[in-house]
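# A structural walkthrough
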Amino acid sequence: MTRDIYITEVALRDGSHAISHQYTVEQVRKVAKALNDAGVPYIEISHGDGLAGSSLQYGLSRTNEMELIEAAVTVADRSKIAVLLLPGIGTVKELKEAAKLGAKMARIATHVTEADVALQHIHAAKDLGMETVGFLMMAHMAPIEKLVEQAKLMESYGADTVYVVDSAGYLLPDQVAERIRALKQSIGVNVGFHGHNNLSLAMANTLAAIKEGATRIDGSVRCLGAGAGNTQTEVLVAVLDRMGIKTGVDLYKMMDLAEDIIAPILQTPQEITRDSLTLGYAGVYSSFALHAKRAAAKFGIDSRDILIELGKRKVVGGQEDMIVDVAAEIAKSKAISI
Ligand SMILES: CC[C@H](O)CC(=O)C(=O)O
Ligand SMILES: [Mn+2]
């Protein structure tokens, strides 16, 4: 099959944030089978924060992610199963375990300025025979020259693809275009884009990325991703089909999956709420949304105030404990001013 664009479906990983990491084996089996049958080339499965993310800090998983990976591998005879790993949260040990179960792609994710921490994990993934992706998160937080420098590092470590990751859903289409263009001019490996829809720009940003030459694109069916979700996969398939761009994915099967299987999994329909809009507006990690909501309820304050303050402080993934600190400070300053 010839494809112009290779889609990675992230609902079973990024979407884990949106449902507080409550996936069951049965749900993953059903979703993975439907994605496989629809012809989606890559399906990502892990805790929302990557392998070994299940913890008090990031949120406890209902089911051990290795069981979820195994369930997906068992039903996917066409799609490759991918895993996400954030060095420091996950280790080579979990990567080996996932590879042994049949995961074929490793996506090694770092903050946009910290690619050097990915070296040993990319090497390990290559040694395990996995296709390897360097995933540069919070791409809006670095100037383009820095992004290019970090992408070159990922390439030098052996990544087959380097992604620009708009973790906060903050970037505007021109900003995505200039980032992808710069990477296309500077590295020889595939370039990918992962967006979030917090400002309702995930589709526009994805199309801007594709226009500049990105060939690896992430989507989440029914927008089942952190914050307002990612580029909606079934919509992307339809749009690209209209543009004459081949994804190799069956549109009707994706629509049926979205409606019949994903919609019932959602705790609430994915929409751009005041919290997700604030994530995009303030440039905050999409996975912080539920943490901020809980902290706001605990301290009796507005979650938007927490998110705006986190944006000002440029808090990054792995600093989830700061959410409660910031909430406590805001509650204290409000109490003093009364
Ligand atoms: C915390 C990992 C994060 O959810 C990875 C990702 O999808 C992103 O940065 O957008
Ligand atoms: Mn994401």
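Residues numbered from 1 in each chain as written. Chains lettered and ligands numbered in written order. Predicted model: local features only at pLDDT ≥ 70, side-chain atom pairs only at ≥ 80, totals over all residues.

## Brief notes about the overall build of the protein chain
Scanning the protein chain for helices and strands turns up 14 helices and eight strands. Taken over C-alpha atoms, the radius of gyration comes to 19 Å for the protein chain, in line with the 20 Å a tight globule of 338 residues would show. Its C-alpha atoms give the protein chain principal-axis dimensions of roughly 65 × 45 × 40 Å. Counting over 338 residues, the protein chain shows a buried share of 56%. (Helix = DSSP H or I, 4+ residues; strand = E, 2+ residues; numbered from the N terminus. Rg over C-alpha atoms; globule rule 2.2 N^0.38 Å. Buried ≥ 20, exposed ≤ 12 C-beta atoms within 10 Å, placed from the backbone.)

## Concerning the UniProt feature "domain: Pyruvate carboxyltransferase" (unreviewed entry) in the protein chain
Per the UniProt record, the feature "domain: Pyruvate carboxyltransferase" (unreviewed entry) sits at residues 5-255. With 41% helix and 16% strand, residues 5-255 has its two end C-alpha atoms placed 19 Å apart. (UniProt positions renumbered as here; feature names shortened; annotations may be inferred.)

## A few points about the packing of helix α9 (residues 233-242) against helix α10 (residues 251-265)
Relative to each other, α9 and α10 sit at 160°, their axes nearing to 9 Å. Compared by their axis directions, α9 and α10 come out roughly antiparallel. Note on packing geometry: the crossing formed by α9 with α10 is left-handed. Of the residues in α10, those touching α9 at Thr 233, Glu 234, Val 237, Ala 238 and Asp 241 are Leu 251, Met 254, Met 255 and Ala 258. For the contact of α9 with α10, a count of residues per class yields six nonpolar, one polar and two charged. (Axes fitted to C-alpha atoms, helices over the stretch in contact; angles between N-to-C directions. Parallel < 35°, antiparallel > 145°, perpendicular 65-115°, else oblique. Left-handed = near helix turned anticlockwise from the far one by under 90°. Contact = placed C-beta atoms within 7 Å. Nonpolar A, V, L, I, M, F, W, Y, C, P; charged D, E, K, R; others polar.)

## Comments concerning the site of ligand 1
In the vicinity of ligand 1, 14 residues are found, and the nearest of them are Asp 49, Met 137, Ser 167, Ser 287 and Gly 317. Shared between two domains, the shell around ligand 1 takes at least three residues from each, and those domains are domain 1 (6-265) and domain 2 (274-337). (Near = placed C-beta within 6 Å. Domains from an automatic or database assignment.)

## Remarks on the UniProt feature "site: Transition state stabilizer" (unreviewed entry) in the protein chain
Residues annotated by UniProt as "site: Transition state stabilizer" (unreviewed entry) correspond here to Arg 13. Tracing the backbone shows Arg 13 in the loop between β1 (6-9) and α1 (14-18). Given 30 C-beta atoms within a 10 Å radius, Arg 13 is considered buried. Contacts of Arg 13, omitting those with residues within four sequence positions, involve Glu 44, Ile 45, Ser 46, Gly 48 and Leu 84.

## Quick word on the pairing of strand β6 (residues 161-165)
In terms of burial, β6 is a largely internal element, five of the five residues being buried. Neither face of β6 is left uncovered, since the one carrying Thr 161, Tyr 163 and Val 165 and the one carrying Val 162 and Val 164 both have all their residues buried. Sheet topology note: the strand β5 (residues 131-137)/β6 ladder contains four bridges and is parallel. Bridge pairing in β6 links Phe 135 to Tyr 163. Of the crossover connections in this fold, the one passing from β5 over helix α6 (residues 144-157) to the parallel β6 is right-handed. Relative to strand β7 (residues 190-194), β6 runs parallel, the two being bridged by five bridges. (Pairing = 2+ DSSP bridges. Right-handed = clockwise from strand over helix to strand, strands pointing away.)

## Thoughts on the environment of Thr 215
Relative to the elements of secondary structure, Thr 215 occurs in the loop between α8 (202-211) and β8 (216-219). The class for Thr 215 is partly exposed, based on 17 C-beta atoms found within 10 Å. Taking the C-alpha atoms as reference points, Thr 215 and Pro 87, separated by 128 residues in sequence, lie 25 Å from one another.

## Here we look at helix α13 (residues 303-312)
Since there are 3.6 residues in each turn of an α-helix, residues three or four apart along the chain are aligned in direction. All buried positions along α13 are accounted for by Ser 303, Ile 306, Leu 307, Glu 309 and Leu 310. The arc that holds every buried residue of α13, seen down its axis, measures 165°, which confines them to one face. If you follow the buried residues of α13, they end up packed against α11 (274-282), α12 (289-299) and α14 (321-337). Positioned one or two residues after α13, Lys 314 has a phi angle of 55°, which is positive. (Arc of directions from axis to C-beta.)

## Some words on α11
Residues of α11 that are buried include every one of Asp 275, Ser 276, Thr 278, Leu 279 and Gly 280, and no others. Next to the buried residues of α11 lie α12 and α13.

## Quick word on the nonpolar core
Within the largest apolar cluster, 108 residues are counted, with the highest numbers of intra-cluster contacts made by Ile 43, Ala 72, Val 83 and Leu 136. Residue contributions to this core reach at least three from each of two domains, namely domain 1 (6-265) and domain 2 (274-337). Every residue in contact with Leu 136, bar those within four places of it in the chain, is listed here: Thr 110, Val 112, Ala 115, Leu 147, Gln 150, Ala 151, Val 162, Tyr 163, Val 164 and Val 165. (Core = buried A, V, L, I, M, F, W, Y, C linked by C-beta atoms within 7 Å.)

## Structural notes on the sheet that holds β6
Sheet architecture is closed into a barrel: eight strands sit in the order β1-β2-β3-β4-β5-β6-β7-β8, paired in parallel fashion. The sheet shows a mean angle of 25° between the axes of neighbouring strands, taken without regard to direction. Of the strand pairs in this sheet, β1 and β8 are connected by four bridges, and their pairing is parallel. Looking at β8, one finds that Ile 7 is bridged to Ile 217. Sheet strands touched by α6: β5 and β6. Its angle to β5, the strand with the most contacts, is close to 160°.

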